There are 2 protein chains.
Amino acid sequence: MNASTVQAIAKQSRLAAQQLSSASESMRNLALSNMADSLESVKDRVMEINAQEVLKARQEGQSDAMTKRLTIDEKVFQYMVSRLKKVAQRPDPLNRVLEGHTNPAGLRVCKKSVPLGVIGIIYESRPNVTTDAAGVCIKSGNAVILRGGSEALQTNTLLTDAMIAGAVSAGLPQHAIQIIRMPGHEAVGELLKMDDYIDVLIPRGGKGLIKRIAEGTRIPVIKHYDGICHLYIAADADPMQAVELAVNSKCQSVQTCNALETLLVDKKCAKLMLPLLQTGFNSNNIELRGCEETQKLLHDISPATEEDWHTEYLASILSVKIVNSIEEAIDHINHYGSGHTDGIVTQSLNTAQQFEQQVDSASVMINASTRLSGGGDYGLGSVVGISTDKLHVRGPVGSDELTTYKWVAYGNGHLRG
Amino acid sequence: MNASTVQAIAKQSRLAAQQLSSASESMRNLALSNMADSLESVKDRVMEINAQEVLKARQEGQSDAMTKRLTIDEKVFQYMVSRLKKVAQRPDPLNRVLEGHTNPAGLRVCKKSVPLGVIGIIYESRPNVTTDAAGVCIKSGNAVILRGGSEALQTNTLLTDAMIAGAVSAGLPQHAIQIIRMPGHEAVGELLKMDDYIDVLIPRGGKGLIKRIAEGTRIPVIKHYDGICHLYIAADADPMQAVELAVNSKCQSVQTCNALETLLVDKKCAKLMLPLLQTGFNSNNIELRGCEETQKLLHDISPATEEDWHTEYLASILSVKIVNSIEEAIDHINHYGSGHTDGIVTQSLNTAQQFEQQVDSASVMINASTRLSGGGDYGLGSVVGISTDKLHVRGPVGSDELTTYKWVAYGNGHLRG
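The rules behind these values
By convention here, each chain's residues receive numbers from 1 onward along its written sequence. The lettering of chains begins at A and the numbering of ligands begins at 1, in the order of writing. In keeping with the model being predicted, local features are shown solely for residues with a pLDDT of at least 70 and side-chain atom pairs are shown and tallied solely at 80 or more, while totals for entire chains, interfaces and linings include all residues. Each side-chain value is derived from all of the structure's non-hydrogen atoms; neither hydrogens nor water enter the calculation. UniProt positions are given in the numbering used here, feature names are shortened, and annotations may be inferred rather than shown by experiment. One bridge is not enough; two strands pair if DSSP finds at least two bridges between them. The helix and strand labels rest on DSSP assignments: H or I over at least four residues marks a helix, E over at least two residues marks a strand, and numbering proceeds from the N terminus. Helix axes are fitted to C-alpha atoms over the stretch in contact, other axes to C-alpha atoms as well, and angles between N-to-C directions run from 0 to 180 degrees. Contacts were defined at the residue level, with two residues in contact if any of their heavy atoms lie within 4.5 Å. Buried area adds together the accessible area that both of two parts lose upon being put together, with accessible area traced by a 1.4 Å probe. Any carboxyl oxygen of Asp or Glu that lies within 4 Å of a side-chain nitrogen of Lys or Arg is treated as forming a salt bridge with it. What qualifies as a polar contact is a pair of N or O atoms within 3.5 Å, subject to a donor-acceptor requirement within protein and to the restriction that residues adjacent in sequence count only when both atoms come from side chains. Superposing the copies works by least squares over the C-alpha atoms of residues that have pLDDT at least 70 in both of them. Buried residues are those whose accessible area, probed at 1.4 Å on protein chains only, stays under 20% of the maximum for their type, while exposed residues exceed 50% and partly exposed ones sit between those limits. Cavity: a set of points on a 1 Å grid over the protein atoms alone where a 1.4 Å probe fits but cannot get out. Pocket: an open set with protein on both sides within 12 Å along at least five of seven lines, its lining residues, like those of a cavity, having an atom within 4 Å of a point. Grid points are joined across faces, edges and corners, and a volume is the space filled by probe spheres set on the points. Residues were grouped as follows: Ala, Val, Leu, Ile, Met, Phe, Trp, Tyr, Cys and Pro as nonpolar; Asp, Glu, Lys and Arg as charged; and all remaining residues, including Gly, as polar. Domain borders in the structure are assigned automatically or taken from a domain database. In plain words, nonpolar cores are sets of buried Ala, Val, Leu, Ile, Met, Phe, Trp, Tyr and Cys residues tied together by side-chain atoms within 4.5 Å. Two rings from Phe, Tyr or Trp (for Trp, the six-membered ring) form a pair when their centres are within 6.5 Å of each other. A pair whose planes differ by under 30 degrees is stacked, one over 60 is edge-to-face, and the rest are tilted. Throughout this description, the term charge over a ring refers to an Arg CZ or Lys NZ atom that lies within 6 Å of the ring centre and within 35 degrees of the ring normal. Here, the term right-handed applies to a crossover whose path from the first strand over the helix to the second runs clockwise when the strands point away from the viewer.

Chain A goes by Gamma-glutamyl phosphate reductase in an unreviewed UniProt entry, where it is assigned to Methyloglobulus morosus KoM1. Regarding chain A, the relevant UniProt record gives this comment under Catalytic activity (unreviewed entry): "L-glutamate 5-semialdehyde + phosphate + NADP(+) = L-glutamyl 5-phosphate + NADPH + H(+)".

Put into structure tokens, the structure is as follows:
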């Protein structure tokens with residue numbers, strides 16, 4: 001594959017997007033359902049090819065975490081299929097009338113949701129992104145260009161070919177779903193130049209990948225940066241609830257972007273709370289790193305440095321800071337946080353509302369685990385990422401978020417006077 | 001003013017934005033009303049200073065068009081004041097519940113509109129942008145940093161100081177509205193580096209200015225590029241309506257971004273339509289440039305080159321092309337257009353719907369003048385531009401469009417299982 005081939009793919013996607021813009025809801029949902037069936041029909045082959053790629057990755061000395069992400073087992077396969085079926089059942093994100101009125105002269109104006117056009121998804125090893133991303137893109141009437149990691153290329157290609165067959169059998173254009181089949185970085189570089197044909201890029205992976213892409217292209221990028229998530233235990237928090245929420249936010253799955261990284265404890269309840277919290281974290285093997293005040297109250301914990309407040313550990317480490325007030329908690333979060341998910345434990349409605357208003361984050365959790373932020377618990381279904389941007393989409397990126405809108409005005413010879 | 005001063009301004013705006021995030025609707029509306037009153041109180045001084053700046057611009061040999069844009073006469077002044085009062089009366093763009101549900105476990109989730117944060121507006125000579133932009137930013141709870149053209153610096157500073165006094169008297173923070181008071185390009189360069197403090201930049205001016213800004217910053221930019229607007233006269237168009245719409249779209253104000261630049265005429269009605277259209281345009285002194293087929297039907301018109309189809313004339317020139325079908329019209333628009341405003345004249349609902357779905361533009365006008373696209377006729381009130389982007393905001397940028405949202409989840413100790 002050379003530059004002209006990447007350009008050929010991008011042009012085909014642009015044409016497919018124009019055709020897709022008229023595809024009815026029932027046609028798109030039939031396509032999703034056929035894509036699920038088509039996946040089922042190649043299941044044995046997918047498992048076989050995937051097992052070969054997993055073996056190869058192991059032989060090449062890849063980490064356990066990486067080979068685990070790469071693996072499609074029975075459960076992952078069923079999950080991929082079921083997500084396509086579920087996205088088919090969701091309400092149509094297109095042709096929603098978002099606003100509308102008739103002006104004094106009788107011109108009827110409405111603002112309606114339409115597809116973005118062509119979406120490029122660049123991702124690392126998880127093959128389920130292949131099917132999830134194609135699903136939300138087709139649901140929202142977008143053409144999609146997939147670009148997965150080299151280590152999963154055969155698996156991803158097989159999954160994509162099956163989905164293409166399903167989509168085409170429902171009447172969607174041949175190039176509604178495409179995958180870049182060549183390994184190596186060159187093709188990604190070419191993709192980044194396709195600003196005439198691609199409307200938005202969504203990179204899924206480490207911060208380095210996202211940064212490289214965002215800085216190397218004129219195409220708008222929906223970015224999924226760090227989740228440096230905080231929980232603030234207010235002075236009036238229910239102690240048991242606070243411990244449960246802190247432990248669940250940190251420990252339920254330490255490697256996820258909505259896991260807790262920094263715990264803020266109000267000075268007025270620190271003496272009571274910190275020993276209870278330490279017990280909870282100790283029994284989950286979490287290393288605590290505390291501010292000076294925290295170290296005075298808890299023994300045997302390491303000091304937190306300035307760098308700790310900036311760190312997304314994605315590991316069994318938690319930084320702990322005592323704050324003098326809710327204002328200090330909010331300032332800390334807005335300064336060190338990444339605007340992903342931040343929570344408070346409080347019994348006071350006023351305190352909750354102040355936190356809700358002033359914390360500048362995509363998700364604000366009141367007496368709820370930070371782990372509950374995301375497409376699933378928000379009722380969005382499949383998502384292709386969690387945006388840490390503030391423009392266009394903030395938080396989970398589902399099929400609704402892959403739309404834009406157009407204004408349509410119906411007149412009867414209306415002129416401007 | 002040096003770099004550290006621009007940074008100081010940006011930091012102050014960030015702090016002001018945090019305070020503004022809790023400003024109630026009534027406080028923001030009172031601020032807008034006080035801003036209008038405060039402007040009235042400095043009217044004589046504004047007129048005086050503005051007259052000096054207009055004189056200076058004339059003496060420096062600036063064009064009539066430029067000095068006209070710079071001038072605040074009685075009508076412009078009243079317009080500026082009335083726009084602030086009107087924006088105060090509009091529905092609150094903040095705290096709208098955009099979505100919401102209670103999940104099966106009883107977690108209450110809602111997605112509500114919130115301010116973007118800090119908005120930088122970089123604009124050229126029209127001083128009414130100063131008041132319009134401040135108005136929509138304050139309405140939407142954003143802190144605003146204004147940066148107008150050097151030629152209007154004294155006028156803009158006076159207007160801004162009056163607005164600041166009004167805003168502060170309503171209880172808004174001192175730095176909710178700021179203006180960069182130093183002339184020259186250096187300050188703009190510094191502003192572009194403030195990605196830690198500024199959430200979005202909106203440049204208003206020529207394509208060169210917008211491009212320079214978009215390519216010189218990591219801050220997201222809402223772009224207002226060309227308006228290469230089309231009108232397609234379908235085979236079944238009502239001839240008189242078609243002529244009226246074409247003439248109004250082109251001639252009502254040739255220098256505006258939603259004025260017609262290319263007319264597409266269906267082959268099946270070209271013989272009938274073109275002479276009627278030529279008569280209409282001739283009496284408005286519009287120069288026609290035609291494709292080969294058009295030149296066969298109309299005499300004494302110059303040929304249109306490839307470059308003409310790409311050109312936003314903003315002048316009394318119109319390119320004319322005969323197309324074989326609606327598909328060819330749509331392809332031409334999607335290829336050469338700028339996604340701003342494109343219209344059709346037709347009596348067929350099917351034809352109108354095909355055009356509405358497949359033309360990839362911010363505004364699609366059915367039997368209505370392209371000149372009717374915009375905040376006013378769409379019921380948005382004051383706008384700070386017309387976005388030709390597809391992400392975040394498309395078309396008119398009013399106070400609703402200067403918001404983002406956050407997800408807020410209210411639990412009662414809800415954990416992830």
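From this point, the narrative continues.
A. Structural detail: the sheet that holds strand β5 (residues 177–179) of chain B. Residues and elements named next belong to chain B. Spatial strand order, β5-β4-β3-β6: four strands in an open sheet with parallel pairing. The sheet is open, and its two edges are formed by β5 and β6 (200–204), each paired on a single side. Direction aside, neighbouring strands of the sheet carry axes that sit 20° apart on average. With five bridges connecting them, strand β3 (residues 118–123) and β6 associate as parallel partners.

B. Representation of the interface of chain B and chain A in the model. Facing 73 residues of chain B, the contacting portion of chain A comprises 73 residues. Taken together, both faces of the contact between chain B and chain A bury some 6100 Å²; the carbon and sulfur share is 46%. At the junction of chain B with chain A, the criterion picks out eight salt bridges. For K111 of chain B, the salt bridge goes to E401 of chain A, with nearest N and O atoms at 3.6 Å. Counting the contacts that link chain B with chain A gives 59 residue pairs in polar contact (both at pLDDT 80 or more).

C. Main features of the relation of the copies chain B and chain A. With an RMSD of 0.0 Å, the operation that places chain B on chain A is a rotation of 180° combined with a shift of 0.0 Å along the axis. Here the two chains are linked by the operation of a two-fold rotation axis. Closest approach to the rotation axis among the C-alpha atoms of chain B is made by H392 of chain B, whose C-alpha sits 1.8 Å away. Both copies present the same face, since 100% of the interface residues in chain B are matched by interface residues at the equivalent positions in chain A.

D. Broad picture of unusual backbone geometry. Residues and elements named next belong to chain A. Although it is not a glycine, N285 sits at a positive phi angle of roughly 55°. Within the secondary structure, N285 is located in the loop between α11 (267–282) and β9 (287–290). Phi is positive for L314, which is not a glycine, with a value near 50°. For L314, the location among the structural elements is in the loop between α13 (306–309) and β11 (317–323). The partly exposed category is assigned to L314, whose relative accessible area is 32%.

E. Structural context of empty space enclosed by the protein. All names here are of chain A. Overall, the coordinates contain one cavity of 30 Å³ or more when judged by the stated rule. Its volume calculated, the largest cavity comes out at about 30 Å³. Forming the walls of the largest cavity are R90, L380, G398, S399, D400 and E401. A per-class count over the lining of the largest cavity returns one nonpolar, two polar and three charged.

F. Broad picture of the UniProt feature "domain: Aldehyde dehydrogenase" (unreviewed entry) in chain A. UniProt records the feature "domain: Aldehyde dehydrogenase" (unreviewed entry) at residues 2–277 and 309–371 of chain A, using the numbering of this structure. A helix fraction of 35% and a strand fraction of 29% characterise residues 309–371 of chain A, whose end C-alpha atoms lie 19 Å from each other.

G. Broad picture of the domain arrangement of chain A. Domain boundaries assigned for chain A yield domain 1 (3–222 + 397–410) and domain 2 (229–372). Distance from the C-alpha centre of domain 1 of chain A to the C-alpha centre of domain 2 of chain A: 36 Å.

H. Representation of the nonpolar core in the model. Formed by 80 residues in total, the largest nonpolar core has its most connected members in M35, I121 and I177 of chain B. The contact partners of I177 of chain B, leaving out residues within four places of it in the chain, are M35, A134, I138, V144, L146, T160, M163, I164 and A167 of chain B. If you look at the next biggest cluster of nonpolar residues, it comprises 78 residues, including A31, L84, A88 and L380 of chain A.

I. Inspection of the pattern of salt bridges at higher detail. Using the criterion set out here, one finds 46 salt bridges over all chains in the structure. Across the pair K223 of chain A and D389 of chain A runs a salt bridge, and its minimum N-O distance is 3.3 Å. Remark: D389 of chain A occurs in the loop between β14 (386–387) and β15 (395–396) and K223 of chain A occurs in the loop between α9 (207–215) and β7 (229–233); sequence separation between them is 166 residues. The closest approach of N and O atoms between E261 of chain A and K250 of chain A, which form a salt bridge, is 3.1 Å. In this pair, E261 of chain A sits in strand β8 (residues 260–266) while K250 of chain A sits in helix α10 (residues 239–251), placing the two residues eleven residues apart along the sequence. Within the structure, one salt-bridge network assembled from shared partners comprises R14 and D199 of chain A together with D360, K390 and R394 of chain B.

J. Spotlight on the packing of aromatic side chains. In total, this model carries four aromatic pairs over all chains according to the counting rule given. An angle of 20° between the planes, with centres 6.4 Å apart, marks the rings of Y232 of chain A and F355 of chain A as stacked. Pair noted here: Y232 of chain A is in strand β7 and F355 of chain A is in helix α15 (residues 349–358), with a separation of 123 residues, a long-range link. Just above the ring of W309 of chain B sits the side chain of K321 of chain B; from NZ or CZ to the centre is 5.7 Å.

K. How the structure looks around the pairing of strand β13 (residues 363–368) of chain A. The element β13 of chain A is extensively covered by neighbouring structure, given that six of its six residues are classed as buried. As paired strands, strand β12 (residues 341–345) of chain A and β13 of chain A are joined by four bridges and run parallel to one another. Note on β13 of chain A: the bridge partner recorded for I344 of chain A is I366 of chain A. Between the parallel elements β12 of chain A and β13 of chain A, the chain passes through α15 of chain A in a crossover that is right-handed. With five bridges connecting them, β13 of chain A and strand β16 (residues 403–414) of chain B associate as parallel partners. Looking across to β16 of chain B, one finds that V364 of chain A is bridged to V408 of chain B.

L. Representation of the pairing of strand β4 (residues 143–147) of chain A within the structure. Residue and element names in this part refer to chain A. Judged by how many residues are buried, β4 sits mostly within the fold: five of five residues are covered. Neither face of β4 is open: one carries A143, I145 and R147, the other V144 and L146, and all of them are buried. Relative to β4, strand β3 (residues 118–123) runs parallel, the two being bridged by five bridges. Of the residues in β4, the one forming a bridge with I119 is V144. For the segment spanning β3, helix α6 (residues 128–139) and β4, crossover handedness is right-handed. Bridge count for β4 against strand β5 (residues 177–179) is three bridges, and the pairing is parallel. Residue pairing across strands places I145 opposite Q178, the latter belonging to β5. As a crossover connection, the stretch from β4 through helix α7 (residues 153–169) into β5 is right-handed.

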